[in-house]
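Architecture and fold: a report
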Amino acid sequence: MALFTCCFEPVEFPEFLDTFVQKCTDPSCCCGCCSALRPRYKRLVDNIFPVNSEDGLVKSNMEKLTFYSLSSPDKLDRIGEYLYQKASKDINRKRYKFVEIAMEAMDILLQACHAQTTLNLFVESFLRMVQKLLEDSNPNLQILATNSFVKFANINEDTPSYHRRYDFFISKFSSMCHGNNDNIELRDSIRLAGIKGVQGVIRKTVSDDLVENIWEKQHMEKIVPSLLFNMQSGDLTPVEDATVVTPPVLAEEVLRELVGRASFGHIRSVLKPLLTHLDRHELWVPNTFAIHTFRIVMISIQPQYSYTVVETLMQHLDNNFKSSPKTRTSLAVVLSKIIAIAAGESVGPSALDIINNLLTHLRTSVSTTTEITPEESQYQEALINALGEFANHHPDYQKIEIMLFIMNTVPDLSKKSKGDQMLQNILLKSLLKVGTQYSTTSFEKAFPASFLQPLLKMARAPHDPTRIIVMQIFQSLLDRHQNEKVLSTVSIKPYAALSQEPPSRSDIIFTHKYGANIMQALIDSMALSEKLDSLTSSYNTAALLIVEMACGETVQEFLLFILGIQQVSNTSDELSNIHKCCLQQIAIALLTLTARVTGINNLLEYAQKIIEDRKVEATHWLPPLLDSKKSNKSYNLNLPHLAIDKIALAECLQNAGMDFNRLQTGVPYALNQIDNPGHRHSWVESVSNHMQHRNSSADLTAYNADADSISSSPGVSKKALAPEYTVDAMKRYLAEPPESVKREQQEKQKQIVRAFRESDFEDLMKRTEPKHDVIQNRLNDLFNSLSIDNKTPQNATNQNEKPIYETNFPELFYY
């Protein structure tokens, strides 16, 4: 090997002068003139290094090098290459101070010349130098290189780059995030550097479509777990000193930035490694970290893409259907915590799609388990909570659609298997969860016919738990003034803190249209079981119905409902004595409540009189409800004088100046009546039912002379016409005060009632015999007279005689 080397290469003579200076670069060159003839950029680079490395970068010479670089940008690539060569030699010689000076010079040149079009050539040398430092085992060099890379990442380049690759940096920075040095302070520094490096790679690659695709699977599987690893090692509580940057805090910030920069097609690239990390490290149980992480994702993601997170988490729940109930419960809880954030952006089919997925998981849970364990029950409750949270962030009209959708998925009541019963209860609980989030303003909107009809059918279910849930659904939708807890006990005492307001016109119309159907279903529900929880839930629903809808125009319907409850207790042979007593207690409690909320003092006095009489003779007909498990006594039920009397109720309304015709002619609600939510209860039904059920002396005593001509308009009573149909009589009748008319009506009613009570049977027969024969005779006479007139010749008419129409119809021409 030669002791001396020459830097010249064999070239043609004409090129000698031009290349002489450029070729002589090696300090060991044998040419004595090489040192003096070195290129200017090399001399400038050499001059920035001090004799003693401890003195640091020579600032004045660095300014000269920077000015030269700006004035001669074509030399940037050579300057960068030369700095890289010097730093490489210093690294090999362990002269780390000079390496730091070279890296500092690189940073200054990068910041000063970032607007130059030739920066790409310098960047290649810069990245090679950063990689050289990262490959060294010295942690200080790794941190130094990372900081330089972060500075480079924050520079916005105007010219595209076609040939850069960052896969090495992604791998290296990710490995630094998992640093486990024994020195805790040094370990945190390395981890912070790694997280900063990952953040720099993300910023540099996301904004440049021509470089490495950061969203590819092999990159995300390194970046996302590295960030999560640092996040889980820290405390989730907020740090008091926000200026202190720790690896968990910085990792959370980078994750927010990564998710926020993701487009629709790249969201799943982030979520899949996230879910895999939680699975591998068993971070679902407990799920505190999982909830925290997904909240970060949902808050950081672009709002229009939030539905993708929910969909991905549901798919992951599908994949874990064989996992332990605790794991599935934790997944469902995480879903319930984040689903509300996505609800605001989910409308139409996407909202129903999420509901359908949740219901599918519920059905799967019920169908795959023969017996519901506490863990499985918690899983189902978590799914129901997720459904409720999702529905809570939708407008009311969408909540109605969701409730209709859930109702249509409930199995038919004809299916009596245990699995179907369990599924019915689970789905109804889901419906209840949505119902509790609904804010009722109008009952017509809260109970559309397509929703009310199946709900009333469910209210007659043979299973107590199903009926109780249905009653709770009714209560959540009926309770507009938070009275549900106040009315949760059957009582004849005034309820404290009872809030109410008069019903609106639409509510009154709803009561006339659907109230009968609801009350019939309530009576059927009360008659199905004597258990206290079942009876109490039915009473609570009935009490809320009365508080929300009772007024002067609807009070008769509620009184018929109360009489119907009492009638079931008196006539049903299938009920036990205790059950019958409970119905009597509910009836008197509802009567007292109706009197108080409507403000009818006569009705309240009558109810109080019954209560006082029952306190003396029949305390078992007064609340509280009797428990069949604790009471084995035999009670006397044959107490007609202590029952609520229909005639007395009508008299109370009459004395209060209110309409009482519906109460007199209507029939109390009975068991198993056919209800049709789409048809309004009309006077035709009232009369037909009255004629069918008119089989007792009580109905005879309630006879009304104008029963056949009652107006179908609710709350409007027909005025009785004067017996003489003359103009003067009509004027006199209209001028009379209404009090006198009422007194005449009352006197007439009393005479009729007295006549029916005291007259013989033959007289009653004569009074009630049909009048169609008399009408037929009149018609026959009329037709005969017309036929005789038609046979008379027109020319034979006497001019002095009265016209025929004045003879046959004189009463029509009184003036």
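Residues numbered from 1 in each chain as written. Predicted model: local features only at pLDDT ≥ 70, side-chain atom pairs only at ≥ 80, totals over all residues. Heavy atoms only, no water.

Over its 17 residues, helix α6 (residues 119-135) runs 24 Å from end to end, which matches the ideal 24 Å to within 8%, given 1.5 Å per residue. For α6, the set of buried residues is Leu119, Asn120, Phe122, Val123, Ser125, Phe126, Leu127, Met129, Val130, Leu133 and Leu134. Buried positions along α6 lie against α4 (76-92), α5 (96-112), α7 (139-153) and α8 (167-177). (Helix = DSSP H or I, 4+ residues; strand = E, 2+ residues; numbered from the N terminus. Expected span 1.5 Å × (residues − 1). Buried < 20%, exposed > 50% of the residue type's maximum accessible area, 1.4 Å probe, protein only. Contact = heavy atoms within 4.5 Å.)

The subject of this paragraph is the nonpolar core. Counting 215 residues, the largest nonpolar core has Phe294, Phe447, Phe561, Leu590 and Ile644 as the members making the most contacts within it. The greatest single-element share of this core, amounting to 13 residues, is contributed by helix α26 (residues 577-598). Excluding residues within four positions of it along the chain, Leu590 makes contact with Tyr539, Ala542, Ala543, Ile546, Phe561, Ile562 and Ile565. (Core = buried A, V, L, I, M, F, W, Y, C linked by side-chain atoms within 4.5 Å.)

On to the packing of helix α25 (residues 555-571) against helix α28 (residues 646-655). For the pair α25 and α28, the least separation of the axes is 11 Å and the interaxial angle reads 160°. Taken together, the axes of α25 and α28 are roughly antiparallel relative to one another. For the element pair α25 and α28, the recorded crossing hand is right-handed. When α25 is examined against α28, the residues Val555, Gln556, Leu559 and Leu563 are found in contact with a partner set consisting of Lys646, Leu649 and Leu653. (Axes fitted to C-alpha atoms, helices over the stretch in contact; angles between N-to-C directions. Parallel < 35°, antiparallel > 145°, perpendicular 65-115°, else oblique. Left-handed = near helix turned anticlockwise from the far one by under 90°.)

Structural remark: α-helix, 3.6 residues per turn; residues separated by three or four positions point the same way. Taking 1.5 Å per residue, 13 residues should reach 18 Å; helix α3 (residues 59-71) reaches 18 Å between its end C-alpha atoms and fits that length. Those residues of α3 not exposed but buried are Asn61, Met62, Leu65, Thr66, Tyr68 and Ser69. All buried residues of α3 fall inside an arc of 160° around its axis, so they share one side. Turned more than 90 degrees away from the buried face of α3, the exposed residues are Lys59, Glu63 and Phe67. Those residues of α3 hidden inside the fold are in contact with α2 (40-47), α4 and α5. (Arc of directions from axis to C-beta.)

The next point concerns a nonpolar patch on the surface. A cluster of nonpolar side chains, namely Leu779, Phe783 and Leu786, defines an oily patch on the protein surface of about 270 Å² accessible area. Following the sequence through the fold, Phe783 ends up in helix α35 (residues 772-791). (Patch = residues over 30% accessible without salt bridge, like charges linked within 9 Å, V, L, I, M, F, W, Y side chains within 5 Å. Areas by Shrake-Rupley, 256 points an atom, 1.4 Å probe, with all protein chains shown as cover. Salt bridge = Lys/Arg side-chain N within 4 Å of Asp/Glu carboxyl O.)

Inspection of the secondary structure puts Gln556 in helix α25. Of the polar contacts made by the side chain of Gln556, one reaches the backbone nitrogen of Asn661; its length is 3.4 Å. When sequence neighbours within four positions are dropped, the list of residues in contact with Gln556 reads Leu653, Asp659, Phe660, Asn661, Arg662 and Leu663. (Polar contact = N/O pair within 3.5 Å; in protein donor to acceptor, adjacent residues only side chain to side chain.)

All right, on to the state of the cysteines then. Counted according to the given criterion, the structure contains zero disulfides. Cys582 provides the cysteine sulfur closest to Cys581, a residue in no disulfide bond, and the two sulfurs are 7.0 Å apart. Since its relative accessible area comes to 0%, Cys581 is described here as buried. (Disulfide = S-S within 2.5 Å.)

All right, on to unusual backbone geometry then. Residues Val285 and Pro286 are joined by a peptide bond in cis, for which omega reads -10°. For Pro286, the location among the structural elements is in the loop between α12 (267-280) and α13 (288-300). With omega at 10°, the peptide bond leading from Pro623 into Pro624 counts as cis. Relative to the helices and strands, Pro624 resides in the loop between α27 (601-617) and α28. In this structure, Glu282 takes a positive phi of about 50° despite not being glycine. As for its position among the elements, Glu282 is in the loop between α12 and α13. Backbone geometry at Ala497 places phi at a positive 55°, although glycine is not the residue there. Along the chain, the position of Ala497 falls in the loop between α22 (464-478) and α23 (505-526).

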